[in-house]
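Listed below are the residues making up each chain.
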Amino acid sequence: MTHRKLNFNAGPGALPADVLAELARQLPDHDGLGLSLLEMSHRTPEFEGVLDDARDTLARLYALPDTHEVVFLQGGASLQFAMVPMNLGDGGAYITTGVWSQKALEEARRLGAAHEVWSAEAGGFRAVPGPDTLLEVPAGARYLHYTTNNTIYGTQWHHPPRLSCEAPLVADVSSDFLSYPMDLGAFDLVYAGAQKNAGPSGVTIVIGRKDVLRGFSGDARTPTILRYATHATNGSLYHTPNTFGIWVVGLVARWVERNGGLTGMAARAQAKADALYSVIDARPDVFTGHAERGSRSKMNVTFTLTRPERERAFLAEAERRDMIGLKGHRSVGGCRASIYNAVPTAAVDALADLMRTFE
Ligand code: PMP
């Protein structure tokens, strides 16, 4: 590839150039089979090999215990906002730290009772609960749901939530999936839309306890396709899955593995985030970070121009330097640099350089 933009898109976001090259090479003729994976039945040994490899590589990356399994679904993370309460049942507890966790809570309330444990709304969504904040979870809560990284506000959990009583953990890990080692064995279920760190849009990764996924405890009227058990017991082949998406997720997971695994991703994420936050901190006259320091995201760096009238000029200069995707989400404005795994350090350095010199 001769020319690549410096891609700071929030999602779909940057994919590794190696993976794109591999896709381009294999797309017309998959492994010399004389047909594209796009033209192949999902019920063939060839596709099943692709599916198994994606599933196994993700499990290996996370050292997933035997009690847990990986399922590939469709419908984005947004469908999971509904599937979680539909399958796990009424009475979930929710921590609201941003737009997406708010939507998850709304969906649960549409279906039944759900309890909001904590909300960052009054504080302008600048922080997640601190490591010492004791969160009052109602006794007997069916589960506790939170969003590990808040894509829009640029805040992230760097510690597990501290709960007043134990509850099964459920997390939306969409925008920091594959970016650091995480003990998925501690969760009943996590889900991620692939289009940030893991692949293209249209495939959702659900990783959960086998007994939870296969042991349906929701409303008997829940349609077959909206039950985790349907997909888990059929090995993600209950119906035609997003074959292309699963292929790409597998290639990205292999790329992560070749590049230091999740600890390698975490080290790079830290260095890239430090490069941007250090300029924000050094130039309060020019930039104002949105997130409180302890809650800063290593995936989505959100900031405003201290003189808002300069924002347009800043974004124009970034564009002139081939940087795209830096405009903040339409609901909050300002700027956002999404620095997912596949965003090269050199791209982040170029942005840091612009921020250091922008007048
Ligand atoms: N959760 C988070 C944390 C997200 O960032 C997003 C999308 N940006 C969603 C959920 C919604 O995902 P989807 O578009 O895949 O439904």
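Computed from a predicted structure; not experimentally measured. (Residues numbered from 1 in each chain as written. Predicted model: local features only at pLDDT ≥ 70, side-chain atom pairs only at ≥ 80, totals over all residues. Heavy atoms only, no water.)

### So, the packing of helix α2 (residues 45–61) against helix α7 (residues 243–258)
Contact geometry of α2 with α7 gives a least axis separation of 8 Å together with a crossing angle of 40 degrees. The orientation of α2 relative to α7 falls into the category oblique. For the pair α2 and α7, the crossing hand works out as left-handed. Contact residues: α2 offers Phe47, Val50, Leu51, Asp53, Ala54, Thr57, Leu58, Arg60 and Leu61, while α7 offers Thr243, Ile246, Trp247, Val249, Gly250, Ala253, Arg254, Val256 and Glu257. The class makeup of the residues in the contact of α2 with α7 is 11 nonpolar, 3 polar and 4 charged. (Axes fitted to C-alpha atoms, helices over the stretch in contact; angles between N-to-C directions. Helix = DSSP H or I, 4+ residues; strand = E, 2+ residues; numbered from the N terminus. Parallel < 35°, antiparallel > 145°, perpendicular 65-115°, else oblique. Left-handed = near helix turned anticlockwise from the far one by under 90°. Contact = heavy atoms within 4.5 Å. Nonpolar A, V, L, I, M, F, W, Y, C, P; charged D, E, K, R; others polar.)

### Brief notes about the side chain of Arg296
When you line up the elements, Arg296 lands in the loop between β13 (287–289) and β14 (300–305). Those residues in contact with Arg296, other than ones at most four positions away along the chain, are Gly154, Gln156, His158, Tyr277, Asp281 and Ala291.

### Section: the site of the ligand
In the region of the ligand, 13 residues are neighbours, and Ser78, Thr151, Asp172, Gln195 and Lys196 sit closest. Between the ligand and the protein, one listed contact pairs an oxygen atom with a side-chain N or O atom of Thr151 at 2.4 Å. With respect to the ligand, the side chain of Gln195 contributes an N or O atom lying 2.9 Å from an oxygen atom. Looking at the shell around the ligand element by element, the count peaks at 4 residues for helix α3 (residues 76–88). The residue makeup of the shell around the ligand, split by class, is 3 nonpolar, 8 polar and 2 charged. (Near = heavy atom within 4 Å. Polar contact = N/O pair within 3.5 Å; in protein donor to acceptor, adjacent residues only side chain to side chain.)

### Side note on the pattern of salt bridges
Should the charged atoms of two oppositely charged side chains come close, the side chains can pair. What the rule picks out here adds up to 17 salt bridges. The salt bridge partner of Lys5 is Asp322, with a shortest N-O separation of 3.3 Å. Within this pair, whereas Lys5 is found in the segment before β1 (6–7), its partner Asp322 is found in the loop between α9 (311–320) and β15 (323–324), the two being separated by 317 residues in sequence. Where Arg110 meets Glu107, a salt bridge forms, and the shortest distance between an N and an O atom there is 3.2 Å. In this pair, Arg110 and Glu107 both sit in helix α4 (residues 99–111), 3 residues apart, roughly one turn of the helix. (Salt bridge = Lys/Arg side-chain N within 4 Å of Asp/Glu carboxyl O.)

### A word on the domain arrangement of the protein chain
When the domains of the protein chain are assigned, the result is domain 1 (18–258) and domain 2 (261–357). Taking only C-alpha atoms, the centre of domain 1 and the centre of domain 2 are 26 Å apart. Between domain 1 and domain 2, the buried area comes to about 2,200 Å², and carbon and sulfur atoms account for 57% of it. A per-residue breakdown of the area domain 1 buries against domain 2 is headed by Arg126, Ile152 and Trp255, which together make up 25% of the total. Taken together, the links from domain 1 to domain 2 amount to 17 residue pairs in polar contact (both at pLDDT 80 or more). Counting residues per element, the ones that place at least two in the side of domain 1 that touches domain 2 are β8 (155–156) and α7. Here the element with the most residues in the side of domain 1 that touches domain 2 is α7; it accounts for 3 residues. Per-class residue counts for the side of domain 1 that touches domain 2 are 13 nonpolar, 10 polar and 4 charged. (Domains from an automatic or database assignment. Buried area = accessible area lost by both parts, 1.4 Å probe.)

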